[in-house]
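Structure assessment
Here's the letter readout for the chains.
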Amino acid sequence: MDRYQCRCQYVYDPVKGDPTQGIAPGTPFAALPDSWVCPLCGLAKNFFVREVGKPTSEQGHPTIKVSVKCFTTLRKADTCDMGEGTEHQLFEGATVHDLVEKLDIPMEAVMLVFVNNTEVDFQTGLKNGDRVALSPKTGGM
Ligand code: FE
């Protein structure tokens, strides 16, 4: 079972659960109730990302293509531009988290993620043809 890390560096380990909130050992991250929050900083589940070092993107089969747009300070001319968006190939099963890692954008710089114009979180899986938009903490859409 995968471990998930909060922005504050707390790591949820499914082997241990979270006794401070009545979560039994052996509870996978996906099975945590929506009311569960980081026991250290209080952030909600959707701010957690799978622990670095085990990207799902390296387990699946290539390939899907997604187009990515980055707003304001997240822009990079060759990997993630505004306007039409930049196309990237990912492994099947890749998540938003995997994509942001591939783009070499610091996770904490990304505040809002949209897939096909719907706001999503970092654990959201990507499909072929998805249109992804990343927006930073500051600055407008
Ligand atoms: Fe936290």
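Everything below is about the structure shown above.
Residues numbered from 1 in each chain as written. Predicted model: local features only at pLDDT ≥ 70, side-chain atom pairs only at ≥ 80, totals over all residues. Heavy atoms only, no water.

1. Let's talk about the coordination of the iron ion
- Every protein donor of the iron ion is listed here as Cys-6 (SG), Cys-8 (SG), Cys-38 (SG) and Cys-41 (SG), and their distances to the metal cover 2.2 to 2.3 Å.
- Angles of 104 to 112° at the metal separate the four donor atoms of the iron ion, which places the site in the tetrahedral class.
- Mapped onto the sequence, the donors of the iron ion take the spacing C-x1-C-x29-C-x2-C. Of the two residues, Cys-6 sits in the loop between strand 1 (4-5) and strand 2 (11-12) while Cys-38 sits in the loop between strand 2 and strand 3 (49-50), which places them 32 residues apart along the sequence.
- The class for Cys-38 is buried, based on a relative accessible area of 3%. (Donors = N, O, S within 2.8 Å, 3.2 Å for Na, K, Ca; no water. Tetrahedral: all angles 85-135°; square planar, octahedral: opposite > 155°, others 65-115°. Helix = DSSP H or I, 4+ residues; strand = E, 2+ residues; numbered from the N terminus. Buried < 20%, exposed > 50% of the residue type's maximum accessible area, 1.4 Å probe, protein only.)

2. Brief notes about the sheet that holds strand 3
- With antiparallel pairing, the three strands of this open sheet are ordered in space as 2-1-3. Across the chains shown, the open sheet's two edge strands, defined by having one partner strand only, are strand 2 and strand 3.
- Examined bridge by bridge, strand 1 and strand 2 share two bridges and lie antiparallel to one another. By the bridge assignment, Tyr-4 is partnered in strand 2 with Tyr-12. (Pairing = 2+ DSSP bridges.)

3. Some remarks on the packing of aromatic side chains
- Counting across every chain of the model gives eight aromatic pairs.
- Judged by centre distance (5.5 Å) and plane angle (70°), the rings of Tyr-12 and Trp-36 are edge-to-face. Placement of Tyr-12 in strand 2 and of Trp-36 in the loop between strand 2 and strand 3 is noted, with a sequence separation of 24 residues between them. Of the two residues, Tyr-12 and Trp-36, both sit in the buried class.
- Taking the ring centre of Phe-29 as reference, the NZ or CZ of Lys-45 above it sits at 5.4 Å. (Phe/Tyr/Trp six-rings, centres within 6.5 Å; stacked < 30°, edge-to-face > 60°. Lys NZ or Arg CZ within 6 Å of the ring centre and 35° of its normal.)

4. Quick look at the nonpolar core
- Ranked by size, the top nonpolar core spans 22 residues in total, and within it Val-68, Leu-126, Val-132 and Leu-134 carry the most contacts.
- Mapped onto this core, the elements with two or more residues apiece are strand 4 (62-70), helix 1 (96-102), strand 6 (110-115) and strand 8 (131-136).
- With four residues, strand 4 is the single largest residue contributor to this core.
- Setting aside chain neighbours within four positions, we find Val-68 in contact with Cys-80, Asp-81, Gly-85, Thr-86, His-88, Leu-99, Leu-103, Val-132 and Leu-134. (Core = buried A, V, L, I, M, F, W, Y, C linked by side-chain atoms within 4.5 Å. Contact = heavy atoms within 4.5 Å.)

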